[in-house]
Amino acid sequence: AFEILPGEKFVAPEVILTFSANGLGGMTRIYHDLYRNHLIRSPYKNKKRPVLINNWEATYFDFNQQVLTSIIHDAADMGFELFLLDDGWFGNKHPRNNDDAGLGDWETNHTKLPEGIGQLVREATAQGIRFGIWLEPEMVNARSELYENHPDWIIHQPGRELDDTRNRNQLILDLSNPKVQDFVFGVVDRTMTENPGIAYIKWDCNRFMTNAGSYYLPKDKQSHIFIEYARGLYKVLDRVREKYPDTYIMLCSGGGGRIDYGTLKYFDEFWLSDNTDALDRIYMQWGATYFFPAMALASHVSVTPNHQTQRTTPLKFRFDVAMSAKLGMDLQPRDMSEEDKAFAKEAIQQYYKIRPVVQFGDLYRLISPYNSPRAAMMYVSQDQDE
């Protein structure tokens, strides 16, 4: 229950509805136009979304400065516009060498990166590409200095055991608490100010609430935690966007956990799913694009056999699927044959040619994967010239 006292105001989440005489395709294009014309953040109103390479599926937590520098050089050579450093770059007392330690301790791991994040930013800049970084500022590991110092900052019901082992070994910080809001904003602010030149943030959120309780809210307001958390998050995001309006931010959230138009006010794209299998992605992208345009849906070419499904698919097929949304790559050049690298280079350049139509054009569904062993989508520029 959510109690509203006399004189208080409660604003419910907004709902967007549409109708069309042109079927689901017509409705799709109305939603896409709504985003592009009215909801998209002004700094990215007419800007093409960057094509990036991510180190995650290549290294996971096992990397150092030399390895990342090599990937940055490969990224520039392949024609990418941005290198994204994923999870594992932080924590010293509790190093982030796997997912059970370090969350909350947002200081550069000196063993892995002795010259810091700033050196990687400078290296990327020298290679003519931009630099991005992974953050999960709403979360904390029980094995962290943050939790040791502030155990009352987490969402948890007193008297119950910590429920972190079945949820990626992490706990949620209580964003109903203004001190926690300041901390989470500070994570982003400090990362950006200490490392000038970061152009992109991957904002993750890999945990759902269990044993929901707040040390901050009074006893008679415990049922308010879900709403107050969302309000607290939006307050943080308002501050982030006020200070960093030009920073491009992807919303990951364990895959597609937060895909809605409310979050698109603050973020520029979604990570659609942690499942990067190209065949599965056809179905995901077919469904997601009923509401959200391709420019807001990150789709990456990944390794084969795929790490989630163990399915083997041709490189061209993986590129075709990823190029029908916002292209990126987790597959690393160092793991590719010369033939595959040449193909990937050409595919990236082809994407640059079609990117304006895919990201800003109208979508027409031709063949549904649910009714056929094939799938086909067509993008047409709004002036219908391409």
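Not measured: the values here are computed from a predicted model.

Calculation notes
Residues numbered from 1 in each chain as written. Predicted model: local features only at pLDDT ≥ 70, side-chain atom pairs only at ≥ 80, totals over all residues. Heavy atoms only, no water. Helix = DSSP H or I, 4+ residues; strand = E, 2+ residues; numbered from the N terminus. Rg over C-alpha atoms; globule rule 2.2 N^0.38 Å. Buried < 20%, exposed > 50% of the residue type's maximum accessible area, 1.4 Å probe, protein only. Contact = heavy atoms within 4.5 Å. Areas by Shrake-Rupley, 256 points an atom, 1.4 Å probe, with all protein chains shown as cover. Lys, Arg positive; Asp, Glu negative; His and termini not counted. Charge placed at Lys NZ, Arg CZ, Asp CG, Glu CD. Axes fitted to C-alpha atoms, helices over the stretch in contact; angles between N-to-C directions. Parallel < 35°, antiparallel > 145°, perpendicular 65-115°, else oblique. Left-handed = near helix turned anticlockwise from the far one by under 90°. Nonpolar A, V, L, I, M, F, W, Y, C, P; charged D, E, K, R; others polar. Pairing = 2+ DSSP bridges.

A. Summary view of the overall build of the protein chain. Secondary structure assignment for the protein chain yields ten helices and twelve strands. Scaling as 2.2 N^0.38, a compact globule of 386 residues should have a C-alpha radius of gyration of about 21 Å, and the protein chain matches this with 21 Å. Each principal axis of the C-alpha atoms in the protein chain carries an extent, and together these give about 60 × 55 × 40 Å. The 386 residues of the protein chain split such that 53% are buried. Contacts in the protein chain between residues at least 24 apart in sequence constitute 72% of all its contacts with a sequence separation of at least 6. Carbon and sulfur atoms form 52% of the exposed surface of the protein chain, whose accessible area is close to 17,500 Å². Computed over 42 positive and 52 negative side-chain charges, the inter-centroid distance for the protein chain is 3 Å.

B. Here's a closer look at the side chain of Thr28. Summarising the element assignment, Thr28 is placed in helix H1 (residues 23–39). Overall, the relative accessible area of 0% leaves Thr28 in the buried class. Excluding anything up to four places from it in sequence, Thr28 contacts Thr289, Tyr290, Leu363 and Arg365.

C. Looking closely at the packing of helix H6 (residues 178–194) against helix H7 (residues 225–243). Where H6 meets H7, the axes come as close as 9 Å, and the angle between the chain directions of the two elements is 25 degrees. Relative to H7, H6 is oriented roughly parallel. Regarding H6 and H7, the two cross each other, and that crossing is right-handed. In contact with Gln181, Asp182, Val184, Phe185, Val188, Asp189 and Thr193 of H6, H7 contributes Gly232, Lys235, Val236, Arg239, Val240 and Lys243. Partitioned by chemical class, the residues of the contact of H6 with H7 number five nonpolar, three polar and five charged.

D. Representation of the sheet that holds strand E8 (residues 269–271). Spatial ordering of the closed barrel is given by E1-E2-E3-E6-E7-E8-E9-E10, a layout of eight strands whose pairing is parallel. If you compare each strand with its neighbour and ignore which way they point, the axes differ by 30 degrees on average. With five bridges connecting them, strand E3 (residues 130–135) and strand E6 (residues 198–203) associate as parallel partners. By the bridge assignment for E6, Phe131 is matched with Ile198. Along the sheet face, helix H3 (residues 65–78) touches strand E1 (52–54), strand E2 (82–85) and strand E10 (326–329) and points at about 150 degrees away from the line of E2.

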